[in-house]
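# Understanding the architecture of this molecule
Residue-level listing of the chains:
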Amino acid sequence: MRVILAAGLVAAVLVVRPSYAAVADDKTCPIDEVVAVIRSVAGDATKTHIKRAHPNAEKDAKDATNEQKSVGDPADDHAWSDTCIRYGDRLEAGPEAVVTIETTKGKRHIGGSYDPVFQAPEASEAVSPGAMSYVASLYHNLFSRSSPTVYATGRGLEDCQQAEEEALPLVPLDRLGQTHQEIGADLKEIVAAWKPSAPPHSVQATLRGRDGIAIARADSCGSAHVTLPLRPGDLHPNDALTLEIVDGRGERLDYDLIVVEPKDLPVPPGPLPSEWLIAAWRLAAGPPETRLDSIARLQTAPPDALAARSISEAIWLDSKF
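Numbering of residues begins from 1 in every chain and follows the order in which that chain's sequence is written. Per-residue local features of the predicted model are confined to residues with pLDDT of at least 70, and side-chain atom pairs are confined, for both listing and counting, to 80 or more; whole-chain, interface and lining totals are unaffected and use all residues. For side-chain calculations, the full set of non-hydrogen atoms in the structure is used, while hydrogens and water are omitted.

## Some remarks on the sheet that holds strand β12 (residues 214-220)
Under the convention used in this document: Only when DSSP finds a minimum of two bridges between them are two strands counted as paired. Helix and strand labels come from DSSP, where a helix needs a run of H or I of at least four residues and a strand needs a run of E of at least two; each type is numbered from the N terminus. Comment: axis = line fitted to C-alpha atoms, over the contacting stretch for helices; angle = value between 0 and 180 degrees taken between N-to-C directions.
Pairing is mixed in the open sheet, where five strands are placed in the order β9-β15-β14-β11-β12. Two strands close off the open sheet at either side, each with one partner strand: β9 (180-184) and β12. Averaged over neighbouring strand pairs, the angle between their axes works out to 20° when direction is ignored. Strand direction decides the pairing type here: strand β14 (residues 240-247) and strand β15 (residues 252-260), joined by seven bridges, are antiparallel. Bridge pairing in β15 places Leu241 opposite Leu257.

## Some words on the pattern of salt bridges
The cut-off we apply is this: Salt bridges, as used here, are contacts in which a Lys or Arg side-chain nitrogen is within 4 Å of a carboxyl oxygen on Asp or Glu. Working definition: with a 1.4 Å probe on protein chains only, accessible area under 20% of the residue-type maximum means buried, over 50% means exposed, and in between means partly exposed.
For the coordinates displayed, the defined rule picks out 16 salt bridges. Across the salt bridge formed by Arg52 and Asp89, the nearest N and O atoms sit 2.5 Å from each other. Residue Arg52 is located in the loop between β3 (48-51) and α2 (57-65), and its partner Asp89 is located in the loop between β4 (84-86) and β5 (90-93); the two are separated by 37 residues in the primary sequence. In this pair, the class of Arg52 matches that of Asp89, namely buried. Among the salt bridges present, the one from Asp174 reaches Lys195, with a minimum N-O distance of 3.0 Å. With Asp174 in the loop between α4 (157-162) and β9 and Lys195 in the loop between β10 (189-193) and β11 (203-208), the pair connects residues that are 21 residues apart, well separated along the chain. Beyond isolated ion pairs, a larger network of salt bridges with shared partners links Asp186, Glu275, Arg282, Asp293 and Arg297.

## With respect to the sheet that holds strand β6 (residues 97-103)
Which entries qualify depends on this criterion: By the convention used here, residues are in contact when the closest approach between their heavy atoms is within 4.5 Å.
Taken in spatial order, the four strands of this open sheet run β4-β2-β6-β7, and their pairing is antiparallel. Each edge of the open sheet is held by one strand with a lone partner, namely β4 and β7 (106-111). Between one strand axis and the next, the sheet turns through 35° on average, direction left out of account. Pairing analysis gives three bridges linking strand β2 (residues 34-43) to β4, with the strands arranged antiparallel. Residue pairing in the sheet places Val37 in a bridge with Cys84 of β4. Across the face of the sheet, helix α7 (residues 306-316) comes into contact with β2, β6 and β7 while running at roughly 90° to β2.

## A short note on the environment of Pro55
As for its position among the elements, Pro55 is in the loop between β3 and α2. The class of Pro55 is partly exposed, set by a relative accessible area of 32%. Separated by 34 residues in sequence, Pro55 and Asp89 have C-alpha atoms that sit 9.3 Å apart.

Set out below in C-alpha cells:
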C-alpha cells in the first residue's frame with residue numbers, strides 16, 4: 001500500500017512533534033514502532049509516498065476505494081500515519097518534492113536533489129500491544145504539539161573555560177532530587193546528569209567505591225550529562241558507592257548509591273521484551289530511588305528508537321513527561 005502525502009499534510013507537519021499516547025490513539029506515533037517523524041514537505045507533495053510495512057487493514061480498504069485521498073485530511077481517522085515512519089516503512093520522494101524527516105541521527109532530507117528513498121530498518125523486537133499501550137500512556141504529554149524539537153547540545157572546552165566564572169550553581173535535575181539511589185549490579189554504564197545551565201559548566205563526574213578509590217570518571221563541558229562506562233566486575237550487590245559531580249568552581253553534587261540484584265528492581269505489571277522499555281516504564285511509574293538506574297538502561301535502546309531518544313532529551317532538559 002502506498003500513501004500519498006498530500007498538500008494538507010504540509011501545514012500539519014510543521015507544528016506537530018511526536019506525542020506518545022496510548023497505542024489505541026491513532027493520531028499519535030506508536031512509541032515502540034516510530035523511527036522517524038515527517039517535519040515538512042516542500043514542493044509537490046503528491047510526488048511523495050509512504051509504503052507501509054504493516055498497514056492497517058481497515059485503512060487499506062478505505063484507500064483502495066479512493067487512491068488520491070489525503071491521509072492528512074481531518075476526516076481520516078488514522079491521521080497519525082501522515083507523520084510517523086515506523087519500522088519497515090519506505091518513504092519515497094521524486095525530484096519535485098523534498099521531505100524533511102527527524103530521526104535519532106538528526107534531520108534528513110528525502111527527494112529533490114537528495115536521496116529519493118528512506119528505508120526504515122526492520123524491528124528487532126516484538127511488543128505486546130496491551131503492554132505498550134500502558135507504557136505509552138505514561139508519556140502522553142511528553143511533548144507539546146506546538147513546540148519545536150530542541151536537543152541538548154554541547155559546546156567546546158574553550159567556551160566553557162571562558163564562561164566558568166559566570167556559570168550557575170550545580171543543581172540536580174528535578175527527577176533526580178532523591179540523592180539516595182539504587183542501581184542494578186548488571187549496569188554497563190552509569191549516567192551523571194544535572195540541571196543544564198548557560199553559560200556552560202566544566203564538570204567532572206566520578207564513581208567511587210566505599211574505600212574512596214575511583215571506579216570510573218568522565219568530564220563534560222557544555223553538556224549537562226556524561227556517561228561513565230563500567231567494566232564487568234565493577235559492581236557487586238550490596239556495594240555502597242558515591243557518585244561525585246564537581247564543577248570547575250568546586251560546586252558539588254553527590255549521590256549515595258546502593259548496588260542491588262537486578263531482579264530486586266521494580267518490574268512493570270505486564271511483560272516487556274527489552275531493557276529500555278522496562279526502564280521507560282520504571283522512570284515514569286517507578287520509585288524515585290531507581291531513576292538513575294532507569295536513565296542508564298534507557299540508553300540501551302536501539303540507535304533508531306526515536307522514542308527512547310526523545311525521552312532522554314526530556315530528561316537532559318529537565319522537561320516534564
